[in-house]
Amino acid sequence: MPVSSSIQKILALVADDLRQVDATIAQRLDSGVPLVGEVARYIISSGGKRLRPVLLLLACGALGYKGEQRFNLAAVVEFIHTATLLHDDVVDESTLRRGRSTANEVFGNPASVLVGDFLYSRAFQMMVDSNNMRVMQILADATNVIAEGEVLQLMNIHNATLDEAAYLHVIRSKTAKLFEASARLGAVLADSGAAVEAVCVEYGRSLGTAFQIIDDVLDYDGDSHEMGKNLGDDLREGKATLPLIIAMQRSRAEEAAVVRRAVEEGSAQDMEAIISIVRQSGALQGAREVAARQAESAIRAAALLPTNPHSQSMIELATQLLQRRT
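Worth saying up front: this structure is predicted, and the values here are computed from it rather than measured.

Novice: Mind laying out the overall build of the protein chain, listing which residues take part and the relevant values?
Specialist: Across its full length, the protein chain carries 17 helices and 2 strands. Against the 2.2 N^0.38 benchmark of 20 Å for 326 residues, the protein chain shows a C-alpha radius of gyration of 19 Å, consistent with a compact globule. Oriented by its inertia axes, the alpha-carbon framework of the protein chain measures out at about 60 × 45 × 35 Å. Going through the 326 residues of the protein chain one by one, you find that 55% of them count as buried. Long-range pairs, those at least 24 residues apart, make up 78% of the contacts in the protein chain with a sequence separation of at least 6. Here the protein chain displays about 14100 Å² of accessible surface, and carbon together with sulfur accounts for 51% of that area. The average position of the 32 basic charges and that of the 41 acidic charges among the side chains of the protein chain differ by 4 Å.

Novice: An account of the pattern of salt bridges is needed here, citing residue identities and associated values.
Specialist: One pass over the full model with this rule turns up 19 salt bridges. Taking the shortest distance from any N to any O, the salt bridge between arginine 19 and aspartate 16 comes out at 2.2 Å. Placement of the pair is arginine 19 and aspartate 16 together in helix α2 (residues 15–28), with a separation of 3 residues, close to one helical turn. In this structure, the salt-bridge partner of arginine 205 is glutamate 180, at a minimum N-O distance of 3.4 Å. Here the residue arginine 205 occupies a position in helix α10 (residues 194–221), and glutamate 180 occupies one in helix α9 (residues 164–189), the gap between them amounting to 25 residues. The exposure class of arginine 205 is partly exposed, given its relative accessible area of 29%. Through salt bridges with shared partners, one network takes in Arg134, Lys177, Glu180, Arg184, Glu197, Glu202 and Arg205.

Novice: Talk me through the nonpolar core; I want residue IDs and the actual numbers.
Specialist: Within the largest apolar cluster, 104 residues are counted, with the highest numbers of intra-cluster contacts made by Ile80, Leu139, Tyr203, Leu207, Ile213, Tyr220 and Ile274. Leaving out residues up to four positions away in the same chain, isoleucine 274 has contacts with Tyr220, Leu235, Leu244, Val258, Val259 and Ala262.

Novice: How would you summarise the packing of aromatic side chains if you had to cite specific residues and measurements?
Specialist: Taken as a whole and assessed by the stated rule, the structure comprises 2 aromatic pairs. Their ring planes at 40° and their centres at 5.4 Å tell us that phenylalanine 179 and phenylalanine 211 sit as a pair that is tilted. Here the residue phenylalanine 179 occupies a position in helix α9, and phenylalanine 211 occupies one in helix α10, the gap between them amounting to 32 residues. The pair formed by phenylalanine 179 and phenylalanine 211 is uniform in burial state, with each residue classed as buried.

Novice: Could you give me a rundown of the packing of helix α7 (residues 109–129) against helix α8 (residues 133–155), with the residues and numbers involved?
Specialist: At a minimum axis separation of 10 Å, α7 and α8 run at an interaxial angle of 160°. Looking at the two axes, α7 sits roughly antiparallel to α8. When you trace α7 past α8, the crossing you get is left-handed. Of the residues in α8, those in contact with Tyr120, Phe124, Met127 and Val128 of α7 are Met136, Leu139, Ala140 and Thr143.

Novice: Quick one: what's the story with the state of the cysteines, residue by residue and with numbers?
Specialist: Tallying each qualifying case throughout the model produces 0 disulfides. Cysteine 60 forms no disulfide, and the closest cysteine sulfur to it belongs to cysteine 200, at a distance of 9.2 Å.

Novice: For the packing of helix α3 (residues 34–44) against α7, give the residues involved together with the corresponding values.
Specialist: Here α3 crosses α7 at 90°, and the two axes come no closer than 9 Å. What the angle tells us is that α3 and α7 run roughly perpendicular. Counted together, Leu35, Val36, Val39 and Ala40 of α3 and Ala111, Val115, Phe118 and Leu119 of α7 form the full contact between these two elements. Of the residues in the contact of α3 with α7, the class split is 8 nonpolar, no polar and no charged.

Novice: Quick rundown of the confidence of the model for the protein chain? Include the residues and the values.
Specialist: Detailed reading of the predicted model is not advised wherever pLDDT is low. For the protein chain, per-residue confidence averages 92 on the pLDDT scale, and 95% of positions sit at 70 or higher. The weakest mean pLDDT in the protein chain belongs to helix α11 (residues 224–227) at 49; the strongest belongs to α9 at 98.

Novice: Please give an account of unusual backbone geometry that cites residues and values.
Specialist: In this structure, asparagine 131 is a non-glycine residue whose phi angle is positive, near 55°. Among the structural elements, asparagine 131 can be located in the loop between α7 and α8. Under the relative-accessibility criterion, asparagine 131 is labelled exposed at 72%. For aspartate 191, which is not glycine, the phi torsion reads 55° and is therefore positive.

Novice: Can you break down helix α14 (residues 253–265) residue by residue, with the values?
Specialist: Relative to the 18 Å expected for 13 residues at 1.5 Å per residue, α14 spans 18 Å between its end C-alpha atoms, a close match to the ideal helical length. Regarding α14, the residues found buried are Glu255, Ala256, Val258, Val259, Ala262 and Val263. The buried residues of α14 occupy an angular sector of 155° when the element is viewed end-on, so they sit on one face. For α14, the exposed residues set more than 90 degrees away from the buried face come down to Ala253 and Glu265. Positive backbone phi, at 65°, marks glycine 266, one or two positions downstream of α14.

Novice: Describe the side chain of glutamate 78, naming the residues involved and giving the relevant values.
Specialist: For glutamate 78, the location among the structural elements is in helix α5 (residues 69–92). A relative accessible area of 3% places glutamate 78 in the buried class. A distance of 3.5 Å separates polar atoms of two side chains, one belonging to glutamate 78 and the other to arginine 50. With residues near it in sequence (within four places) discarded, glutamate 78 still touches Ile25, Arg50 and Pro53.

Rules of the game
- Residues numbered from 1 in each chain as written.
- Predicted model: local features only at pLDDT ≥ 70, side-chain atom pairs only at ≥ 80, totals over all residues.
- Heavy atoms only, no water.
- Helix = DSSP H or I, 4+ residues; strand = E, 2+ residues; numbered from the N terminus.
- Rg over C-alpha atoms; globule rule 2.2 N^0.38 Å.
- Buried < 20%, exposed > 50% of the residue type's maximum accessible area, 1.4 Å probe, protein only.
- Contact = heavy atoms within 4.5 Å.
- Areas by Shrake-Rupley, 256 points an atom, 1.4 Å probe, with all protein chains shown as cover.
- Lys, Arg positive; Asp, Glu negative; His and termini not counted.
- Charge placed at Lys NZ, Arg CZ, Asp CG, Glu CD.
- Salt bridge = Lys/Arg side-chain N within 4 Å of Asp/Glu carboxyl O.
- Core = buried A, V, L, I, M, F, W, Y, C linked by side-chain atoms within 4.5 Å.
- Phe/Tyr/Trp six-rings, centres within 6.5 Å; stacked < 30°, edge-to-face > 60°.
- Axes fitted to C-alpha atoms, helices over the stretch in contact; angles between N-to-C directions.
- Parallel < 35°, antiparallel > 145°, perpendicular 65-115°, else oblique.
- Left-handed = near helix turned anticlockwise from the far one by under 90°.
- Disulfide = S-S within 2.5 Å.
- Nonpolar A, V, L, I, M, F, W, Y, C, P; charged D, E, K, R; others polar.
- pLDDT = per-residue confidence, 0-100.
- Expected span 1.5 Å × (residues − 1).
- Arc of directions from axis to C-beta.
- Polar contact = N/O pair within 3.5 Å; in protein donor to acceptor, adjacent residues only side chain to side chain.

Here it is as structure tokens:
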């Protein structure tokens, strides 16, 4: 599906910066072990939106920071994100991401795990280059929370009793934490002070939470060709995402039992019936409403930043998220 004109406008604002980030990524992927670069380049070049680096660059622009470290740290957050994807796909036994085979499908699980480890360690080398203890603290804490979120999600596999609060706790740890760190780093690099840093934290956390909720909605309201993933993967993995949680709450007992059994068994055998239950129960609209509240929190936070094209793009990014289809 084509990128919206609004998103194109946002990307155009940081296009020159992103080229510098890409150059940094290419340089820091260099390794004496050919397979390391091959696997890393395979997933990094697979068509991702670079959303976390974009967020860091927008925050830097909004707060007037123009130093070279924004390129280095934007590459760091992309490396951390890529490492999590490599490990996630192995844990989830995924075969498709962004419309093509996952790295573990192509290169095998051992290579994917070990190259993920390489990207984490390379990211920490690059953090040291910043020579800023606050930067290192934020990224080290974020990486730790992400890992905790992954374990928490693993503990909740096949748990059909997971409620909305517990679900939000998992995705704020697993997904939103790196969004939060990306925005926060812009404030730290700009030396903007604690109040502005808190605003950026709120923006990133809320945006990342909304992003993941919409991602989970699209598993039941999307098209596999548009999404570039196997629809129903989360259900096969036994994950109780927000649309399923709401569907179990709002459906008749016999319908809720169908969904509950699918989560507990990790089965997409009744996928068509479950999609119908999720849609007819109003669960997709309910989940989108939760995402909208998160996006509104992000918009309110961004409105507190200095008014300029970068902060306006942060607002637009949160607004456009709710129209996301891929």
